[in-house]
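Breakdown of the fold
Given next are the chains, with one letter for each unit.
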Amino acid sequence: SVGITKLKDIAELGSAVDLALEHDDKVIIEQSIENVREVECAVVEAEDGSGATASRCAEIVVGGDHEFYDYDAKYKDNDVDLIVPAGLDPALHDRLGEVAIQAFEALGCRGLARVDFFVAEDGSFVINEVNTMPGFTAVSLYPRMSADAGIGFEQLVARLLRLAMVPTVGPR
């Protein structure tokens, strides 16, 4: 979320690209998706490598002057509510979990990932990103979603360590 600019006018594009180039040598330009909820799902691989499970989703609600979950909203200001579990219809929780696992498997992820979605009022959704190394402090959303699924922080760390020790040759 560093170097991201939400444009109000195409005339701002040059300065937005310049800002992004201060942080990387590649720039992604995307169309904004408006009036959606930011929802995240924790995916963790089974200890025997037989598949993955998904938590119920969490929601990020940004307040104050922030239009989206940018660096300042995440780390500088206290204008964000992290809601675990998200107030979604149970069927939507299930569907997002299924899609999160499908994305995890399609990308060949191992161990853990956090799959982020934009969810519209009508229940339609798109994957925003798959984060293969999400925030992992005791208060980060990933461990909080895992705890909601019955996997405590210490248990989660132990599972990930065991998975890291499983030798792999090619895809499982």
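My aim in this report is to walk through the structure given alongside it, one point at a time. Just so it is clear, the model here is predicted, and its values are computed rather than measured.

Helix and strand counts for the protein chain come out as 5 helices and 6 strands. Its helices and strands taken in sequence order, the protein chain reads α-β-β-β-α-β-α-β-β-α-α from the N to the C terminus. Relative to the 2.2 N^0.38 estimate, which gives 16 Å for 172 residues, the radius of gyration of the protein chain is 17 Å and therefore close to what a compact globule would have. Based on the C-alpha atoms only, the size of the protein chain along its principal axes is roughly 55 × 35 × 30 Å. In the protein chain, which comprises 172 residues, the share counted as buried stands at 34%. Across the protein chain, the fraction of contacts at a sequence separation of at least 24, relative to all contacts at a separation of at least 6, is 51%. In the form shown here, the protein chain has an accessible surface area of approximately 10500 Å², with 52% of it arising from carbon and sulfur atoms. Where the 14 positive side-chain charges of the protein chain centre and where its 31 negative ones centre are 7 Å apart.

What follows deals with the pattern of salt bridges. Considering all chains together, one arrives at 10 salt bridges under this definition. For Arg 37, the salt bridge identified is with Glu 59, shortest N-O distance 2.7 Å. Taken together, the positions of Arg 37 in strand E1 (residues 37-45) and Glu 59 in strand E3 (residues 58-62) put the pair 22 residues apart, joining distant regions of the chain. Exposure remark for Arg 37: the relative accessible area of 30% places this residue in the partly exposed category.

How each quantity is defined
Residues numbered from 1 in each chain as written. Predicted model: local features only at pLDDT ≥ 70, side-chain atom pairs only at ≥ 80, totals over all residues. Heavy atoms only, no water. Helix = DSSP H or I, 4+ residues; strand = E, 2+ residues; numbered from the N terminus. Rg over C-alpha atoms; globule rule 2.2 N^0.38 Å. Buried < 20%, exposed > 50% of the residue type's maximum accessible area, 1.4 Å probe, protein only. Contact = heavy atoms within 4.5 Å. Areas by Shrake-Rupley, 256 points an atom, 1.4 Å probe, with all protein chains shown as cover. Lys, Arg positive; Asp, Glu negative; His and termini not counted. Charge placed at Lys NZ, Arg CZ, Asp CG, Glu CD. Salt bridge = Lys/Arg side-chain N within 4 Å of Asp/Glu carboxyl O.

It is worth stressing that arrangement in space is one thing and function is another; only the former is reported here.
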